[in-house]
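Secondary and tertiary structure notes
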Amino acid sequence: MTSLQQHLRYAAFGLLMGLTLSFIGFTNYGEIHKMFTFADWRLFLTFAGAVALSMVGFFVLARGQHITKKPLHKGTIPGSILFGVGWALTGSCPSIALVQLGQGYIPAVFTIVGIFFGTWAYKHVHREFFRWDTGSCE
Amino acid sequence: MIEYWPWWLGALALAGITLGFWVIIGRTLGVSGSWSRTAGWRESRMVERIEAPMRKNPSAMEDALLAATLAEFGEQQTLQTLYAASAGAATLPNAKRTTPTAAKKSAKPAPLADRTPWGVHVTFLISMLIGGTLAAVSMGELQWHFDLGSVHTMFFGSGMEMWVALLLGGTMVGFGTQMGGGCTSGHGLSGCSRLVPASLLATGVFFGSAVAVSFFVEVISK
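Only a predicted model underlies this, so the values are computations on that prediction, with no experimental measurement involved.

1. A short note on the overall build of chain B
- Secondary structure summary: chain B contains ten helices and zero strands in total.
- When its helices and strands are written in sequence order, chain B yields α-α-α-α-α-α-α-α-α-α.
- Looking at the 222 residues of chain B, the share that counts as buried comes to 37%.

Here's what the structure looks like:
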């Protein structure tokens, strides 16, 4: 794959993500809050349904293929707790703040700055203190 | 009031993206990884620059190592060591009558990790933003908002407290997803659908803690 092809492919999937996350209401804090307080099961079912369908898809398409599995390590639980708290405060997981800004929500700039800073800070904290194998998300 | 997609349509779309990404790009979808490469652009750029000559010529690394070995130990000792090493490997079918050069040639250079340039990850993040704009246009909702909607304002206000909460919360999202090794897409969609133990645990934990905080926020603001 040439670099241009990679740019185009990632851009296509980025656009699809931005559109889908907007259309399902994943970018709306009110909808997210209703999911987390179980006041409305629509988004929860959306997510669970996506996992179930992907499971079938991977089962059919990836049979006998080895796909790297993320390792379990000392940071998995504390990191996920931090992420969950941040998600409940901002209504945003890593892709949402960007989509919100694209829709015109100016406060998302602060979430984006926070995510960027947190990601950057982790690299340094990890290098200095933790040094465990977190396996990247790519 | 915007009419959002019913759950089954959203589930189909998200599953389509998760699977399509893997089929077409050959990696599992994960947004926090793109943040990592973007926030670490300096390291990414350095690694890409150093790897460039090795990608162009896969044996460049071995040539460089051999040259450094020769410079350090001299020709005599290096040759002796290489002959000894190839004699030890003589039981291998392709190691008969091996000279040092042949030994060097027969060994395949270790392939470099297939790395996506960091600029591509930036493209990915920016195109998500553009996707949001396109969606807002198509719903006739594109306009500047100075808050995150009525529910958020009810809990966090619209002044200083909101900005601080978003900055702090965003930092926790950034730090937490890197520490936990993934986010809603990487652990939640790509990981859970393959029943990866770390992903199932991480998803349960981040969802659970978000539920706890959401109830807490609702209780204290009443």
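2. A closer look at the interface of chain B and chain A
- Contacts between the two partners involve 105 residues from chain B and, on the opposite side, 95 residues from chain A.
- Breaking the side of chain B that touches chain A down by element, the ones donating at least two residues are α1 (7-25), α2 (31-39), α6 (118-138), α7 (150-156), α8 (160-180), α9 (184-191) and α10 (197-220) of chain B.
- By residue number, the principal contributor to the side of chain B that touches chain A is α8(B), which donates 18 residues.
- When the residues that make up the side of chain B that touches chain A are grouped by side-chain class, the tally is 59 nonpolar, 40 polar and six charged.

3. A word on unusual backbone geometry
- Of note in this structure, Phe38(A) is not a glycine but carries a positive phi near 55 degrees.
- Structurally, Phe38(A) is set in the loop between α2 (29-36) and α3 (42-61).
- Overall, Phe38(A) belongs to the exposed group, with 11 C-beta atoms counted inside 10 Å.
- You will see that Leu195(B), though not glycine, has its phi angle at about 55 degrees, which is positive.
- In this structure, Leu195(B) sits in the loop between α9 and α10.

4. Considerations on the nonpolar core
- In this structure, Ala50(A) and Leu98(A) are the most contacted members of the largest nonpolar core, which totals 78 residues.
- Of all the elements, α1(B) adds the most residues to this core, at nine residues.
- When residues no more than four places from it in sequence are discounted, the contact partners of Leu98(A) are Ile112(A), Leu125(B), Met128(B), Leu129(B) and Gly132(B).

5. Quick word on α9(B)
- Among the eight residues in α9(B), eight count as buried, and that is most of the element.
- Every buried residue belonging to α9(B) is among Thr184(B), Ser185(B), Gly186(B), His187(B), Gly188(B), Leu189(B), Ser190(B) and Gly191(B), and all of these are buried.
- Where α9(B) is buried, its residues touch α3 of chain A together with α1, α2 and α10 of chain B.

6. Structural notes on the confidence of the model for chain B
All names here are of chain B.
- For chain B, per-residue confidence averages 86 on the pLDDT scale, and 87% of positions sit at 70 or higher.
- The low-confidence segment residues 92-98, where pLDDT is below 50, has eight contacts with residues more than four positions distant or belonging to other chains.
- Here residues 102-106 is modelled with pLDDT under 50, and outside its nearest four sequence neighbours on either side it reaches eight contacts, counting other chains as well.
- Here the predicted complex carries an ipTM of 0.93, next to a pTM of 0.84.

How each quantity is defined
- Residues numbered from 1 in each chain as written.
- Chains lettered and ligands numbered in written order.
- Predicted model: local features only at pLDDT ≥ 70, side-chain atom pairs only at ≥ 80, totals over all residues.
- Helix = DSSP H or I, 4+ residues; strand = E, 2+ residues; numbered from the N terminus.
- Buried ≥ 20, exposed ≤ 12 C-beta atoms within 10 Å, placed from the backbone.
- Contact = placed C-beta atoms within 7 Å.
- Nonpolar A, V, L, I, M, F, W, Y, C, P; charged D, E, K, R; others polar.
- Core = buried A, V, L, I, M, F, W, Y, C linked by C-beta atoms within 7 Å.
- pLDDT = per-residue confidence, 0-100.

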